[in-house]
Amino acid sequence: VSTVTVQQLLRKETERLRQAGVESPRLDAEVLLTHVLGWSREKLYVHMQEPVRFEDRTCYTELVDRRANGVPVAYLTGHKEFMSLEFTVTSDVLIPRPETELLVERVIEHMSAAGPQGLVVDVGTGSGAIAVSLAKYLNRVRVVALDISTQALAVAAGNARRHGVAGRITFVESNLLEAFPPEARGQADWIAANLPYIASGEMASLPREVAGYEPHLALDGGCDGLDLYRRLIPQAWTCLKPGGWLGMEIGPGQAQPLIAALPRDNWIETAVIKDYAGLDRFVVARRWPG
Ligand SMILES: C[S@@+](CC[C@H](N)C(=O)[O-])C[C@H]1O[C@@H](n2cnc3c(N)ncnc32)[C@H](O)[C@@H]1O
């Protein structure tokens, strides 16, 4: 069996990913190799001339094959970083996106200024990325995390245990906020929602790694993508305390129609927050404090 070094293997597999049309071939090739070897990226750079064992090469080549077929890296490694925390992800949950961190940061900022306690809600929790990060960085808040998917809730609960915050998060299987705990109604300081917001007609034009591998239940937001948010808004109003905040992640062109769905008698301080790419990404609004 011939010797193949880390560097040779990386070159070869990067080229294969490039030819398959993968957007960041070198990065993906490195991340998958560190996963197989159990190394950090730093260690990989320092050991470029080291030979790679045959079994590791076989395993790596299989992963690269799947990546070349469009499987997202996070589903291959089984984890994804969000808010500097490591989250377990499976094909039952959406892979947390970096832009969602902006919503979490906004909640953390507000809640820190308002005092250490409180109740925050994550509706459509998926991997638990929002709920677990909030519980981790706001170490005295209580969190209610809801999802319609039993499988997603199991992944989220695992992530809560992994980060030592399971004791402060209540997981609820629920269609939007229908099963929100009755005793907590009218008490939430924040409701953060990253619900499906892709218009059904656009599902087919999503990149294959999204449409082909991420759960459609986590993506399809109905006719114009805003079906779930339209249903959520009146429910959120009853769960928030007067003066509490609702934050919703959206896609391009959705800010104005979503703002139009917030009745002016009930909601104030409505604002659009842009992401780092300068795109409208969140609508936030405050329940009328009176
Ligand atoms: C876009 S994913 C967001 C996951 C996670 N919050 C994040 O930011 O990474 C949307 C989530 O909403 C859930 N969902 C879809 N329809 C729902 C409904 N009617 N009620 C509650 N959750 C729903 C999906 O199962 C999925 O986990």
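Residues numbered from 1 in each chain as written. Predicted model: local features only at pLDDT ≥ 70, side-chain atom pairs only at ≥ 80, totals over all residues. Heavy atoms only, no water.

K.L.:
What's the story with the pairing of strand β2 (residues 85–88) in this structure? I'm lost.
P.N.:
Looking along a regular strand, one sees the side chains alternate between the two faces of the sheet. Side chains L85 and F87 project from β2 onto a buried face, and the interleaved E86 and T88 project onto a face without burial. Alignment of strand β1 (residues 79–82) against β2, held across 4 bridges, turns out to be antiparallel. Across the sheet, K80 pairs through a bridge with F87, a residue of β2. In this antiparallel pair of consecutive strands, β1 and β2, the connection spans 2 residues, and M83 shows a positive phi of 50°. (Buried < 20%, exposed > 50% of the residue type's maximum accessible area, 1.4 Å probe, protein only. Helix = DSSP H or I, 4+ residues; strand = E, 2+ residues; numbered from the N terminus. Pairing = 2+ DSSP bridges.)

K.L.:
Explain the nonpolar core to me, please; I cannot follow it from the model alone.
P.N.:
Nonpolar side chains in soluble globular proteins generally cluster together in the buried interior. Ranked by size, the top nonpolar core spans 32 residues in total, and within it L177, F180, I191, Y229, L232, L246 and M248 carry the most contacts. Looking at this core, the elements with two or more residues in it are β3 (119–123), β4 (142–147), β6 (188–193), α10 (227–239), β7 (240–249), α11 (255–260) and β9 (280–287). Per-element accounting of this core gives the leading share, 6 residues, to α10. With 30 residues, the next largest nonpolar core counts V120, A135, I273 and V284 among its residues. (Core = buried A, V, L, I, M, F, W, Y, C linked by side-chain atoms within 4.5 Å.)

K.L.:
Teacher, can you tell me more about the site of the ligand here?
P.N.:
Taken together, the neighbourhood of the ligand is formed by 19 residues, with G124, D147, N175, L176 and N194 sitting nearest. Residue N175 places a side-chain N or O atom 2.8 Å away from a nitrogen atom belonging to the ligand. N194 has a polar side-chain atom sitting 2.8 Å from an oxygen atom of the ligand. The fraction of the free accessible surface of the ligand (600 Å²) that becomes covered by protein chains is 96%. In terms of residue class, the shell around the ligand is built from 10 nonpolar, 8 polar and 1 charged. (Near = heavy atom within 4 Å. Polar contact = N/O pair within 3.5 Å; in protein donor to acceptor, adjacent residues only side chain to side chain. Areas by Shrake-Rupley, 256 points an atom, 1.4 Å probe, with all protein chains shown as cover. Nonpolar A, V, L, I, M, F, W, Y, C, P; charged D, E, K, R; others polar.)

K.L.:
How do you make sense of the sheet that holds strand β8 (residues 267–274) when you look at a structure like this?
P.N.:
Within a sheet, neighbouring strands are paired by backbone hydrogen bonds and run either parallel or antiparallel to one another. An order of β5-β4-β3-β6-β7-β9-β8 is seen for the 7 strands of this open sheet, with the pairing classed as mixed. Looking along the sheet, the strands with just one partner apiece sit at the ends: β5 (169–173) and β8. Averaged over all neighbouring strand pairs, the angle between strand axes comes to 15°, with direction disregarded. One ladder, built from 5 bridges, connects β7 with β9; its direction is antiparallel. Note that in β9 the partner of E249 across the bridge is F282. Taken strand by strand, helix α6 (residues 100–114) contacts β3, β6, β7, β8 and β9, and its axis lies near 175° from that of β6. This element, helix α8 (residues 150–162), spans β4 and β5 of the sheet and lies at about 170° to β5. (Axes fitted to C-alpha atoms, helices over the stretch in contact; angles between N-to-C directions. Contact = heavy atoms within 4.5 Å.)

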